Each structure stands twice: as structure tokens, then as C-alpha cells.
Amino acid sequence: MPHRLAAPLSRRTLLRAGGAAVAATALGGTGLAASAAGALKAGSPAPKATTAPGDLVEIELVAKERMQRILPEPAAPSPLVTYADHFPGPIIRMRKGQRLRATLVNGLGEHTSIHWHGIRLTNAEDGVPYLTQPPTKPGERHVYEFTPPDAGSFFFHPHCNTVELLGRGLAGVLIVEEPDAPKVDADLVCLVKDWQLDKTGAFGAFFTDRGASRAGTFAGVSTVNGQIEPVIEVPANGDIRARLYNIDSTRVVDLRVEGADAWIIAVDGNPLPPRPLDGWPMGPAMRLDVLFRAPKQAGQTVRLTNVYAAEPRPLATFRAVGPTLPNRRFKVRGLPAGSIPEPDLKNAPVIPMAFSATAVAQSFDAATLVGLPYADSLCLSQKTFWAINQQSWPEGGHERLPPPLATLEKGRSYIFELANLTPHLHPVHIHGYTFKVLSSDARKVVPHHADTVLLEPKERLRVAIKADNPGDWMFHCHIIEHQDTGMMGYIRVA
Ligand code: C2O
Ligand code: CU
């Protein structure tokens, strides 16, 4: 019963039934949900996760359908799928050095898992069904436990049927705070995401052949933190750290804080020598930490805008509130250095990775899948449009998994030459590692670290890693329809 092939409608029904079957587990008990809400309110102190002795942060994540209003009335609330009572949630904040124990409770009608995007963790905690763990079936629980080695702005999401589940909101935020971060007056999270909703508040098709075979299926309702053009309060004249996330499945954004001097201080959570926020496009899954000074007087505003489209698009407004904080110079200080191991570029072999369309769009014949134990497990889409090194995920055939795209020797350094042979953008993501982004044949690259890099049409981009983390690590485009239709593989480090 590969329900990946089921029609969306019956799938949704299944999901609802599954959600009801699982007893609602209170999340409020940990106090995290409340702090998560607080995190979005400016001026409130940075929320702390509850910590047990031994510096363990514990949270239960109940994945299930929850109704939430995205569109104003008369539209109805929409059937989101979330890990907490409210989107966006939860926002887990922990300090570097603390250990996270997160229990996934599957309240869905399908199997799932949690992938911790951007975290250099042990392979077994990476959350890829069948590759790193058995899928967590409806009603089951799965415990993830790891100590994030890096500070930064991360997030987490499922790694199967992602086009629908992420489309409906299934993602959470994981923030690992630097022990010695520059002090700010507010530390905010801004999740940019579009929703595929019709006028009534119902979800439309997340996947279309037309979209999947081109730039992706765009959703029409732009939001920040699940709200259409929200007003986010910030302390007047305060120094604001805003963690900007693109968690959309498809859209590339290029953000500005109009009316303020805003500086990028981190990319995908990795410190960057501060530079003005002025032309750093973010593909799906990419994050930027920015720093800006809020307007002086209560009531004054600055605007978060997406300038990637022909027409700049306002996304949110930051409004100054409260008494004006004392005058002082706006000094942009960088974040403390990160701890990504330095690749040895001199001795690094170059591995070509070609991102292309498949020669011919392949349709899987459902009949050939029936009875295969992995038909569902590999997160099959019905179609394949894309490939990496001419290999589409899944490869089909009779093996349980396709072979790795590359096998790397543990401890050695490698350069990947990412070649985009298509006329579309591809945000290329690696699990378990952080790329050092080196150079491009198409543009000047600011040296930086990132777990997801935006590959431009026809570009060749060089990135490097030191292969110190053993395991099978996914390597894929983060435009979810591309990922779901073949542009995915894995590298093996042994
Ligand atoms: Cu955020 Cu494999 O992805
Ligand atoms: Cu892509």
C-alpha cells in the first residue's frame, strides 16, 4: 500500500483519522510552547528552553493536523500540519553545548521522521527514513538525541512527502545560541513561507507536473510567521537581531529591511564578517541572521521586503514600541567564530556533481512498485524530471537504495563542483555537513559557510567539506518538487 501514490484527497482523510487516533499530548507542560510564542514578540526576553540537570533540553513534538487561520475571514481556518499547537512552532532555543532530546510523536496517517536541517549530527539522528532510521509509523514515537556542535539558526522538517507536509506547515525552528554573542535588545525569528490556499482557506495542489518540471509550483499567499504582512514590534532604538528563514518549498527571496541599516551577520547560522543586507538571494531552506537598529520613536516603522520579484513585495513591518532606548552608536559586531573544520583544499579531489533534467521524464509504473518493500519508503514521486550525475532518486532497480553519488574517505577533504545544466535555480543542500563555499564561474563569491547554496542557471560553483562525519548523507535540491522528482542522492563517508 504505497500511499505515496494515493490521491491527495484520500491522503488527507487518512491524515485526519490518524491524528484523531493519537491522544493529544500536551506540549505546554515543557513551557516551550509558551516561550515559542514569546520569541516572536519583540521586547520580551529571549526565551529559554526548559533544561534538566546535565543540561539536557527536552521536547515532545507531536506531528499532526491542526486548524489554524492563515487567511482573514470569511475564509475558514486551514488544516495545517504542525509539530506544536500553533504555527510557527515550536521555536527551540538552547545554548551551544546543551544536548537536545526531542521525541517525535507521529499523529499523522503516514510514516514520518524529523530531519535536523543544518546540524552536523551523528548519522543515526539525521532523520531520513530507511537511509538513517526506520520510518516512524502512525502512532509511534521516535527519540532524537544529539548535541549540536555549532551555534546558529537551524530548523527541522520531515523528509518524506515533504511537498505536502512542509506545504501545510510541518517545520520547527532550532536556535543554538552562541555563548558570547553580541548583546541585542531583541532576537526575532522571521519565517518566510507562502501557502497554497484558495479563497476559502482550503489547500490546493502542492505538486504540479508543470511546476515540478520547471521552477516549482508557487503558492500565492505570502506570510511571515504564518501571518500576512504582520506588524512585528521591536524596542524603539533597539538593536535587533532578526533570524530570517526561507522555509518556502519553492520561492527564492531577496530580503531588505527598508528604512534601516541592516547587516548580515550569519549565513545558515554560520558567522559571516558583517556585510550590508543588499543582494543575498535565499533559496528554500536558506537563512540569514541580520542585525539592524530599530527606529528611534515608538510608532515609527521599517519594512521587511522581498525585492527578488520585479515588483518589490512587502512581507512584514517592524514597528518601534516602548520607551526609546538610550542613544549610542550603532556598532555592528560580528559573531564569534564558528567551528566548521577547515578543508585541506590543496589535497582535495574534485568531485563533479551535475544537476540536470532527466533526458526523458520518466513515469513510474505503479504496477512495478506493488509488492516492493521500499516502494513507499523511498518517498517516491510518480514522476522523475531531475537528476544528479544522471542518477535520479530513486534509481528504481532491485536494490533497496540507489548507490551513493560518491563515496568519500573519512578524514579527507573534497571539493564538489556543482554544475547547473538547467535554466532553473537549485538550492543545493547537504546533510551532516556545512559547505565552505569557494568560487563560481559566474559571479564573485563571498567566502562563507552554508548548508544550502543557491546554484544559478548554468553556473558552476565550487564548495568544499572535510569529510569527518561518517555515514550516508543526503545531497539534494531543496526546491521540494525537484527533490521529490529525482534531484536527490546521497554521499557515503566511510
Ligand atoms: Cu532541509 Cu534533506 O533537507
Ligand atoms: Cu532544484
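Here the structure is a predicted model, which is why all the values come from computation and not from measurement.

To continue, consider the side chain of Glu-60. Within the element layout of this structure, Glu-60 appears in strand S2 (residues 56-68). Glu-60 sits in the buried class, given a relative accessible area of 15%. Of the polar contacts made by the side chain of Glu-60, one reaches the side chain of Arg-141; its length is 2.6 Å.

On to the pairing of strand S17 (residues 287-293), then. S17 sits mainly inside the fold: seven of its seven residues count as buried. On S17, burial covers both faces: Arg-287, Asp-289, Leu-291 and Arg-293 on one face and Leu-288, Val-290 and Phe-292 on the other are all buried. In this structure, strand S13 (residues 239-246) lies alongside S17, joined through seven bridges in antiparallel fashion. Paired with Ala-242 across the two strands is Val-290, which belongs to S17. Pairing of strand S15 (residues 262-267) with S17, which is carried by five bridges, proceeds in the antiparallel orientation. Paired with Val-267 across the bridge in S17 is Leu-288.

What follows deals with empty space enclosed by the protein. Counted according to the given criterion, the structure contains seven cavities of 30 Å³ or more. Of the pockets and cavities examined, the largest cavity occupies roughly 110 Å³. In terms of residues, the lining of the largest cavity owes the most to one element, strand S10 (residues 186-195), which gives three residues. Across the lining of the largest cavity, the residue classes tally to five nonpolar, five polar and four charged. Taken as a whole, the second largest cavity encloses approximately 60 Å³ of empty space. Lining the second largest cavity we find Arg-120, Ile-340, Pro-341, Pro-343, Tyr-433, Thr-434, Lys-436, Ala-464, Ile-465, Lys-466 and Asp-468. Examining the composition of the lining of the second largest cavity, we find that three residues originate from one element, strand S28 (residues 460-466), more than from any other. Among the residues forming the lining of the second largest cavity, the class breakdown is six nonpolar, one polar and four charged.

About the criteria used
- Residues numbered from 1 in each chain as written.
- Chains lettered and ligands numbered in written order.
- Predicted model: local features only at pLDDT ≥ 70, side-chain atom pairs only at ≥ 80, totals over all residues.
- Heavy atoms only, no water.
- Helix = DSSP H or I, 4+ residues; strand = E, 2+ residues; numbered from the N terminus.
- Buried < 20%, exposed > 50% of the residue type's maximum accessible area, 1.4 Å probe, protein only.
- Polar contact = N/O pair within 3.5 Å; in protein donor to acceptor, adjacent residues only side chain to side chain.
- Pairing = 2+ DSSP bridges.
- 1 Å grid on protein atoms, 1.4 Å probe; cavity = no way out; pocket = protein on both sides within 12 Å on 5 of 7 lines; lining within 4 Å.
- Points joined across faces, edges and corners; volume = space filled by probe spheres on them.
- Nonpolar A, V, L, I, M, F, W, Y, C, P; charged D, E, K, R; others polar.

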